[in-house]
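# Secondary and tertiary structure notes
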Amino acid sequence: IGTSPQIFSPLAAGIVSFFKRTPWVFEIRDILSESLLATNLVKNRYLLKLVQFFEVFLYRRATAIVVVTNSFKEILINQGIQQKKIHVITNGVDLEKFKPIAKDDNLIESLGIKNSFIAGYIGTHGLSHGLDSILYAAELLQNKYKNHNIKIILLGDGSNKESLLKLSNKLGLKNVLFLDLVPRNKIHLYWSILDVSIIHLKKTNLFDAFIPSKIFEAMGMGIPLLHCVSGESADIVKSNNLGCIVESENFEQIAKSLIDLSKNNHKIETYRAANIEASLKFSRVNLANKMMDVLEKL
């Protein structure tokens, strides 16, 4: 089994399977060439073409392909890959680790955000996540709407974190808290203090095919979503009533939605119950069984 987005992992799996004369599975969690194009990390079109060539070559050589979204499946079919060897197994949640618990009051106290409505982004601070929009929304909350009850937590690390810290200082934000990475066995405590989880990606057609994995952790914890991604993931949020959907990079909408949620406890509780119910469909145990079915058939 070779997993993308790194091209070398599935390439190694393909080579080993050739010499071992054994089936191999290409698991696609990200289409590398599309991501490089969307984030503008690689501007050399010849290099992009080369990456895409290797991807399609490996798709064709793989015995089976597992993708994490239906949209990825459609992209591969449009590239001429046989539909019958493509299987969709989404990301999910470990319900043993991520389950509803009471807010950690000691943590809230230590962070200095007692008696606040807490919205948070937990995850990678990369170029593709467009987190500057959250900071501009925070500026509106602080200066235009004069809302001092809402506090925003940004927990994680990534290539864009330094730029985000500089932007926050430039905007003079007092309602945003940057937190460094915490041990995996402590992360559920930080999830517990959130009233709303913010899911955000840059506004690009490519990300319509993505389902951010943080959706599922929020589900397990019973945290309502402020979902700033369109496409397949938005369909999951809407069909399961997991939270409200706003346009990516629309910081005015993000700010107004946070104000609305902070004043509507009934809506929050409705979303919370819906997340807990939906999490059962995306249990890692159920998804692992689906993966086993694919492997056993090979």
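Report follows, based on the coordinates. These numbers were taken from a predicted model, which means no experiment stands behind them. (Residues numbered from 1 in each chain as written. Predicted model: local features only at pLDDT ≥ 70, side-chain atom pairs only at ≥ 80, totals over all residues. Heavy atoms only, no water.)

Further remarks concern the packing of helix α6 (residues 132-144) against helix α11 (residues 251-262). At a closest axis distance of 8 Å, the pairing of α6 and α11 adopts a crossing angle of 60°. One element, α6, and the other, α11, form an angle in the oblique class. Crossing geometry of α6 relative to α11 is assigned as right-handed. Facing α6, whose interface residues are Ser133, Tyr136, Ala137, Leu140, Leu141 and Lys144, α11 presents Phe251, Glu252, Ile254, Ala255, Leu258 and Ile259. Here the contact of α6 with α11 is composed, by residue class, of 9 nonpolar, 1 polar and 2 charged. (Axes fitted to C-alpha atoms, helices over the stretch in contact; angles between N-to-C directions. Helix = DSSP H or I, 4+ residues; strand = E, 2+ residues; numbered from the N terminus. Parallel < 35°, antiparallel > 145°, perpendicular 65-115°, else oblique. Left-handed = near helix turned anticlockwise from the far one by under 90°. Contact = heavy atoms within 4.5 Å. Nonpolar A, V, L, I, M, F, W, Y, C, P; charged D, E, K, R; others polar.)

Among the structural elements, serine 248 can be located in the loop between β10 (243-245) and α11. Assessed through its relative accessible area of 9%, serine 248 is described here as buried. Within the structure, the side chain of serine 248 is placed 2.4 Å from the backbone oxygen of leucine 201, a separation counted as a polar contact. A polar contact is formed between the side chain of serine 248 and the backbone nitrogen of lysine 203, at a distance of 3.4 Å. Apart from the residues lying within four places of it in its own chain, the contact partners of serine 248 are His200, Leu201, Lys202, Lys203 and Cys228. (Buried < 20%, exposed > 50% of the residue type's maximum accessible area, 1.4 Å probe, protein only. Polar contact = N/O pair within 3.5 Å; in protein donor to acceptor, adjacent residues only side chain to side chain.)

Taken as a whole and judged by the stated rule, the model has 11 salt bridges. Ionic pairing is found between glutamate 217 and arginine 184, a salt bridge with its closest N-O pair at 3.4 Å. On the criterion of sequence distance, the pair formed by glutamate 217 in helix α9 (residues 214-221) and arginine 184 in the loop between β7 (176-179) and α8 (187-192) is long-range, its members being 33 residues apart. What makes glutamate 217 buried here is its relative accessible area of 7%. Connected via shared salt-bridge partners are Lys144, Glu252 and Lys256. (Salt bridge = Lys/Arg side-chain N within 4 Å of Asp/Glu carboxyl O.)

Tracing the sequence through the fold places isoleucine 153 in strand β6 (residues 150-155). Along the backbone, isoleucine 153 and isoleucine 113 are 40 residues apart, and their C-alpha atoms lie at a distance of 9.9 Å. Not counting residues within four places of it along the chain, the set of residues in contact with isoleucine 153 comprises Leu111, Ile113, Ile118, Ala119, Gly120, Tyr121, Leu177, Leu179, Ile193 and Leu194.

Attention now goes to the nonpolar core. Core analysis: the biggest nonpolar cluster contains 55 residues, and Ile28, Tyr59, Ile65, Leu76, Ile153, Trp191 and Ile193 have the highest contact counts within it. A per-element tally of this core places α9 first, with 5 residues. Leave out the neighbours within four places in its chain, and leucine 76 touches Ile28, Ile31, Tyr59, Ile65, Val67, Ile81 and Ile86. Within the second largest apolar cluster, 32 residues are counted, among which are Val196, Cys228, Leu261 and Ile268. (Core = buried A, V, L, I, M, F, W, Y, C linked by side-chain atoms within 4.5 Å.)

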